[in-house]
Amino acid sequence: MTSPGKRALIALAALSAALTGCSAAASDDVEVVVGYQSKTINTVTAGTLLRATGFLERRLDELGRRTGKRYSVSWQDFSTGAPITAQMLAGKIDIGSMGDYPLLINGSRARGGDGTKLVSVTGYNQRGALNMVVSRPGSPVRELGDLAGKRVSTSVGSAAHGTLVQALRRAGAEVSVQNQEPAVGASTLESGGAEGLAQFVAWPGLLVFQGKARPVYDGAELDVPTLHGVVARDEVIEERPEVLDAFLKAQFDATRYLHEDPLRSARQVADATGLPPEVVYLYNGAGGQVTFDPTIKPGQREALAADVPFLKEISALQELDLGSFIDDGPLRAAYGDRYDADAAGTANPSPIRGTDPVCGAEVRDPATAGEVWLSDEDSTSPAVSPTCLLRQIRQAETQGRAVRAAYVPDALTGTRWFADKATWVRDPAASPESRFVPFATPASARRYQAEHLGAVEVGYRDAIGEA
């Protein structure tokens, strides 16, 4: 018979073994917390589209089969980058995606043992077109200078705020800034509480598409790259590098998926966010405003360095060692041998391709190429030039077919815009195939007219009729 003392020792040993077993089991469960902005659609390859496709979960399942651990993902959605930074500082988010200004603020505030690094880019625009200033329809505000002394809503510390400040300085104008979240700012503009709204994608395109705003200033006029990227906590980079590697490879999967079928991807993002697919496709479509490329490019590093003084000026940024904050080591390892070559290029990997069905020519020049999306079609039709696009629209309407959306590039900045929301100019000196020229803003159109004598502004419907 076992003595009471011996039975107690056996029980204690069993309890110890059970506790040890629980500890080991707990260590086999790894939760990856990802912060993203579902409606900031130039982050979709690290957020909305990545979540919708399940690529990250699949990569983590593969990792689990190799390591014997169980990985899970917790997705946390926010409207701006600031709360993602706050959660990362608290150790509650491992990996986050945000715009260039917020990610610099993220790196500045997350220092010491709780630091963060910029590890990849999601989407960018080489000239800065992802930020725009808009006014109300019918407002006397038609260009940036008209906002002097007036109220403008923006999210202070965002890239849109930076665009507004830089543009105003060039114009020699001052405004009264109202610091508001994008949705609040949109309501403020609509109610007349502000005369202008400076915001990032997809807000300008959404409001213009809905007929609630019209463009006043195109961020591409600054000709400075703007980007969104992925930041990761140092603890993840140093202690769980296999998790970051899986995330980056999943981001590559989502980027390839978007490039292979941008229209399908836009619809998935629209379904997940409630945004109109026509607006998502404006930015994320073939030849869209956003170029999706995860590599960190030299010009982007320079742009980030140029952003630091402004952020310090508005007391949004503490000290930041940009050289150590940008860490493309994990990205290089995951990407492979083509990293340097791809990082050196800035051409959109998803250009508009195909043969124009009306003008009969192959699309070759992204600076003039457009697209028509008919309501009864599940694909878009390429247009060689804006004039040929107008001819496609006229032909479709003659056949009784409705146009769901049409997209054209601004003739000066290259910014892709809605054809029916663009400012059109007829240039009699141009060839018949290039007679009608579109612009994202009236100010851009006026600059073109100043350099092309005889060029006159025409309405969209008139342009269709004359083309």
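Rules and cut-offs
Residues numbered from 1 in each chain as written. Predicted model: local features only at pLDDT ≥ 70, side-chain atom pairs only at ≥ 80, totals over all residues. Heavy atoms only, no water. Salt bridge = Lys/Arg side-chain N within 4 Å of Asp/Glu carboxyl O. Helix = DSSP H or I, 4+ residues; strand = E, 2+ residues; numbered from the N terminus. Buried < 20%, exposed > 50% of the residue type's maximum accessible area, 1.4 Å probe, protein only. Pairing = 2+ DSSP bridges. Contact = heavy atoms within 4.5 Å. Axes fitted to C-alpha atoms, helices over the stretch in contact; angles between N-to-C directions. 1 Å grid on protein atoms, 1.4 Å probe; cavity = no way out; pocket = protein on both sides within 12 Å on 5 of 7 lines; lining within 4 Å. Points joined across faces, edges and corners; volume = space filled by probe spheres on them. Nonpolar A, V, L, I, M, F, W, Y, C, P; charged D, E, K, R; others polar. Parallel < 35°, antiparallel > 145°, perpendicular 65-115°, else oblique. Phe/Tyr/Trp six-rings, centres within 6.5 Å; stacked < 30°, edge-to-face > 60°. Lys NZ or Arg CZ within 6 Å of the ring centre and 35° of its normal.

Engineer: Go over the pattern of salt bridges with me, naming the residues and quoting the values.
Structural biologist: Per the counting criterion, the structure on display carries 30 salt bridges. Measuring nitrogen to oxygen at the nearest pair gives 3.7 Å for the salt bridge that ties Arg267 to Asp378. With a gap of 111 residues between them, Arg267 in helix H11 (residues 262-273) and Asp378 in the loop between strand E12 (370-374) and strand E13 (381-383) connect regions that are remote in the sequence. The exposed category is assigned to Asp378, whose relative accessible area is 63%. Across the salt bridge formed by Asp293 and Lys297, the nearest N and O atoms sit 2.7 Å from each other. Considered together, Asp293 and Lys297 belong to a single accessibility category, that of buried residues. Among the charged side chains, a network of salt bridges with common partners joins Arg59, Glu62, Asp253 and Arg256.

Engineer: Account for the sheet that holds strand E3 (residues 95-99), naming residues and giving values.
Structural biologist: Read across the sheet, six strands follow the order E2-E1-E3-E10-E4-E11 without closing on themselves; strand pairing throughout is mixed. Bordering the open sheet on either side are strand E2 (70-77) and strand E11 (291-292), each of which pairs with just one other strand. In terms of strand pairing, strand E4 (residues 116-125) meets E11 through two bridges, oriented antiparallel. Counterpart to Gly123 in the pairing with E11 is Phe292. Each of strand E1 (29-36), E3, E4 and strand E10 (226-233) is contacted by helix H4 (residues 82-89), which is oriented at about 150 degrees to E3, the strand it contacts most.

Engineer: A description of empty space enclosed by the protein should follow, citing residues and the corresponding values.
Structural biologist: Inspection of the entire model under this criterion finds one cavity of 30 Å³ or more. Together, 14 residues line the largest cavity, and Thr163, Gln166, Val224, Pro225 and Thr226 are the ones closest to its centre. Residue assignment for the lining of the largest cavity shows that the elements contributing at least two residues are helix H5 (100-109) and helix H6 (159-171). Within the lining of the largest cavity, the residues separate by chemical class into five nonpolar, seven polar and two charged.

Engineer: Describe the environment of Leu453, with residues and values.
Structural biologist: If you trace the backbone, Leu453 turns up in the loop between helix H18 (442-451) and strand E18 (456-458). Exposure remark for Leu453: the relative accessible area of 78% places this residue in the exposed category. C-alpha of Leu453 to C-alpha of Asp427: the two residues are 26 residues apart in sequence and 8.4 Å apart in space.

Engineer: Now, about the packing of H5 against helix H13 (residues 298-313): what can you tell me, with residues and values included?
Structural biologist: Following both chains from N to C, one finds H5 and H13 inclined at 75 degrees, their axes separated by 10 Å at the closest point. With respect to each other, H5 and H13 are oriented roughly perpendicular. Between H5 and H13, the contacting residues are Asp100, Tyr101, Leu103, Leu104 and Ile105 on the first element and Leu304, Asp307, Val308, Phe310 and Leu311 on the second.

Engineer: Would you mind going over the packing of aromatic side chains in detail, with residue names and values included?
Structural biologist: Applying the stated criterion across every chain, the model contains 11 aromatic pairs. Both rings, one in Tyr335 and one in Tyr339, keep their centres 5.6 Å apart while their planes meet at 85 degrees; by these two values the pair is edge-to-face. On the accessibility criterion, Tyr339 (2% relative accessible area) is buried. A ring pair is formed by Tyr407 and Phe418, whose centres lie 5.9 Å apart and whose planes are at 35 degrees; its orientation type is tilted. With Tyr407 in strand E14 (residues 403-409) and Phe418 in strand E15 (residues 416-418), this pair connects stretches of sequence that are 11 residues apart. As far as the burial class goes, Tyr407 and Phe418 line up, both buried. One aromatic cluster is present, built from ring pairs that chain together Phe209, Tyr281, Trp373, Tyr407, Trp417 and Phe418. Sitting over the ring of Trp373, Arg404 keeps its end group 4.3 Å from the ring centre. When the ring centre of Tyr407 is taken as origin, the NZ or CZ atom of Arg416, which lies over that ring, is 4.3 Å away.

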